[in-house]
Amino acid sequence: MPSLDAPTDSEILRWSLRDPETFARLFDRYFPEILSFCARRVGFAHGEDLALDTFCRAFAKRSTYDLARPGARPWLFAIALNLVSSHLRSEGRRKSRDLRFFAAEIPSVPDPAEN
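Residues numbered from 1 in each chain as written. Predicted model: local features only at pLDDT ≥ 70, side-chain atom pairs only at ≥ 80, totals over all residues. Heavy atoms only, no water.

Chemist: Would you mind going over the pattern of salt bridges in detail, with residue names and values included?
Modeler: Counted under the stated rule, the structure contains four salt bridges. When the shortest N-O distance is used, the salt bridge between Asp9 and Arg29 registers 2.5 Å. Residue Asp9 is located in helix α1 (residues 9-18), and its partner Arg29 is located in helix α2 (residues 23-42); the two are separated by 20 residues in the primary sequence. With its nearest N and O atoms 3.4 Å apart, the salt bridge here joins Arg57 to Asp53. Taken together, the residues Arg57 and Asp53, both in helix α3 (residues 44-60) and four residues apart, mark about one turn of the helix. Residue classification places Arg57 among the partly exposed positions, given a relative accessible area of 44%. (Salt bridge = Lys/Arg side-chain N within 4 Å of Asp/Glu carboxyl O. Helix = DSSP H or I, 4+ residues; strand = E, 2+ residues; numbered from the N terminus. Buried < 20%, exposed > 50% of the residue type's maximum accessible area, 1.4 Å probe, protein only.)

Right, dumping it as structure tokens:
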């Protein structure tokens, strides 16, 4: 691997196909931004999980990255956005299900004005 002070993202991704540990450079470069993006939308605890999952998915799909694109930032943010959106949809379904469950459990209370 050539030793460059600031390799492009596509170079890092290309190198990581031969040397997977090289991918850590991309993680170091973008993790703070991706974490901030996710945490602002779903809170820090879930945001941290989603940010880490973003890089796990990027690592797994790095062979599909278009190396003609020098910057991977938009690609990483697209992965993060998809994960955040999926998380918010799941949370919405869970909250809706919980509300239906609790509404069914609440006994009907007679209106005191009717007595």
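Chemist: Let's hear about α3: which residues, and what values?
Modeler: The first and last C-alpha atoms of α3 sit 24 Å apart over 17 residues, in line with the 24 Å expected at 1.5 Å per residue. Taken residue by residue, α3 has Gly47, Leu50, Ala51, Thr54, Phe55 and Ala58 as its buried positions. Looking straight down α3, one finds that the buried residues subtend no more than 140 degrees of arc, so they occupy a single side. In α3, the exposed positions angled more than 90 degrees off the buried face are occupied by Ala45 and Ala60. (Expected span 1.5 Å × (residues − 1). Arc of directions from axis to C-beta.)

Chemist: Please provide a residue-by-residue account of the confidence of the model for the protein, values included.
Modeler: In the predicted model, the protein carries a mean pLDDT of 88, and the fraction of residues at 70 or more is 77%. Between the elements of the protein, mean pLDDT differs from a low of 81, seen in helix α4 (residues 73-105), to a high of 98, seen in α2. (pLDDT = per-residue confidence, 0-100.)

Chemist: Give me α2: which residues, what numbers.
Modeler: By the largest-angle criterion, Tyr30 marks the main kink of α2, which is about 50 degrees, and a proline, Pro32, follows within four residues. Phe23, Leu26, Tyr30, Phe31, Ile34, Leu35, Phe37, Cys38, Ala39 and Val42 are the residues of α2 that are buried. A positive phi of about 90 degrees marks Gly43, the residue just after α2. (Bend = angle between axes of the 7 residues up to and from the residue.)

Chemist: Any chance you could break down the nonpolar core for me, citing the residues and the numbers?
Modeler: As a rule of thumb, soluble globular proteins bury nonpolar side chains together. Formed by 23 residues in total, the largest nonpolar core has its most connected members in Leu26, Ile34, Cys38, Phe55 and Leu76. Looking at this core, the elements that each hand over two or more residues are α1, α2, α3 and α4. No other element matches α2, which puts nine residues into this core. Residues within four places of Leu26 in sequence aside, it is in contact with Asp9, Ile12, Leu13, Phe55, Ala72 and Leu76. (Core = buried A, V, L, I, M, F, W, Y, C linked by side-chain atoms within 4.5 Å. Contact = heavy atoms within 4.5 Å.)

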